[in-house]
Protein chains: 2
Amino acid sequence: MQDTCTVNQTVKYLTKKWTLLIILELYKGQGYTRRFSELREAIGGITPKILSERLKELEEEGILTRNVDATAFPVKTEYTLTESGLGIVDVIRIIKQWALKWKIDNIPCGDQDCKVCVL
Amino acid sequence: MQDTCTVNQTVKYLTKKWTLLIILELYKGQGYTRRFSELREAIGGITPKILSERLKELEEEGILTRNVDATAFPVKTEYTLTESGLGIVDVIRIIKQWALKWKIDNIPCGDQDCKVCVL
DNA sequence: CGGTATCCTTTCGGATACTG
DNA sequence: CAGTATCCGAAAGGATACCG
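These numbers were taken from a predicted model, which means no experiment stands behind them. (Residues numbered from 1 in each chain as written. Chains lettered and ligands numbered in written order. Predicted model: local features only at pLDDT ≥ 70, side-chain atom pairs only at ≥ 80, totals over all residues. Heavy atoms only, no water.)

All names here are of chain A. Here helix α2 (residues 19-28) crosses helix α3 (residues 36-43) at 115 degrees, and the two axes come no closer than 10 Å. When the interaxial angle is binned, α2 and α3 end up roughly perpendicular. As α2 runs across α3, the sense of the crossing is right-handed. Side by side, α2 and α3 meet where L21, I22, E25 and L26 of the first sit next to L39, A42 and I43 of the second. Its residues assigned to classes, the contact of α2 with α3 shows 6 nonpolar, no polar and 1 charged. (Axes fitted to C-alpha atoms, helices over the stretch in contact; angles between N-to-C directions. Helix = DSSP H or I, 4+ residues; strand = E, 2+ residues; numbered from the N terminus. Parallel < 35°, antiparallel > 145°, perpendicular 65-115°, else oblique. Left-handed = near helix turned anticlockwise from the far one by under 90°. Contact = heavy atoms within 4.5 Å. Nonpolar A, V, L, I, M, F, W, Y, C, P; charged D, E, K, R; others polar.)

See below:
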């Protein structure tokens, strides 16, 4: 098994449910930054458990950084896309271009999400 | 939920286990073509059930075509990457470039799989 | 050769409640 | 606000056997 292949590993966490949406949501934020509760509300439907898991994974992969302001009350935590994280946005963009080229007839997408997508 | 988003849908089947390896294996074949048993052996570890499922999904998505030669005995079946399927290889290539830029220190990959990878 | 059918395990994600 | 802890159900994938 080629579980050591970097491409496979990358795809592995990128393809987990919610991950892409989290990255896109951070990308939309000012300074590519969002707070935990902002992500929760913006994404909608994600439970805190899963959101927390994904954020940890992405932090470990260097795709985002976690910044805690412990002086604030309640504690203020911000998540920010790193430079490499922005690289992932490029990847998503390529996928979108592929989709637009080969899946144009996907009406639901054309009319809804992708049209308002920041990509 | 944006299950109608084309990007999400695309990522959804691309990220299933084995899918990328199947696409890469087809890419390696002459004329981007491989037979069922060739895929099985080349990939290693995949069960016929899963391989069959993936091939069907990818055929439905237009990423590969299935060609059966019923005159042969036993029946000869070939799977070939389509033009849009080759586009997916490009996507993988971009991901690899991202990985090489940001994950160079992944020694196992550098020494093994990616070095011999056709990408 | 190119699959399908069955069954079983494991993994993932959802629901909910609770805490510093 | 920003999570963690527990429990549970669904779904994905693996093992194995069999068939045209």
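I22(A), I23(A), I63(A), I22(B), I23(B) and I63(B) are the most contacted members of the largest nonpolar core, which totals 60 residues. Leave out the neighbours within four places in its chain, and I23(B) touches L14(B), L58(B), I63(B), L81(B), G85(B), I88(B), V89(B) and I92(B). (Core = buried A, V, L, I, M, F, W, Y, C linked by side-chain atoms within 4.5 Å. Buried < 20%, exposed > 50% of the residue type's maximum accessible area, 1.4 Å probe, protein only.)

With that settled, consider the protein's contact with DNA strand C. What surrounds DNA strand C is a group of 20 residues, the closest being K49(A), R54(A), S52(B), R66(B) and Y79(B). Sugar and phosphate atoms represent 65% of those atoms of DNA strand C found within 4 Å of the protein. At 2.5 Å, a side-chain N or O of R66(B) approaches a phosphate oxygen of DNA strand C. One nitrogen or oxygen atom from the main chain of T77(B) is found 3.2 Å from a phosphate oxygen belonging to DNA strand C. Of all elements in the fold, only α4 (48-60) of chain A together with α3 (36-43), α4 (48-60) and β3 (76-81) of chain B reach the threshold of two or more residues within the surface near DNA strand C. With 4 residues, the single largest contributor to the surface near DNA strand C is α4(B). (Near = heavy atom within 4 Å. Polar contact = N/O pair within 3.5 Å; in protein donor to acceptor, adjacent residues only side chain to side chain.)

The omega torsion of the bond from F73(A) to P74(A) falls at -5 degrees, within 30 degrees of zero and hence cis. Tracing the backbone shows P74(A) in the loop between β2 (64-69) and β3 (76-81). At Y32(A), a position not held by glycine, the phi torsion is positive, near 55 degrees. Note that Y32(A) resides in the loop between α2 and β1 (33-35). Non-glycine residue W18(B) carries a positive phi angle of around 85 degrees.

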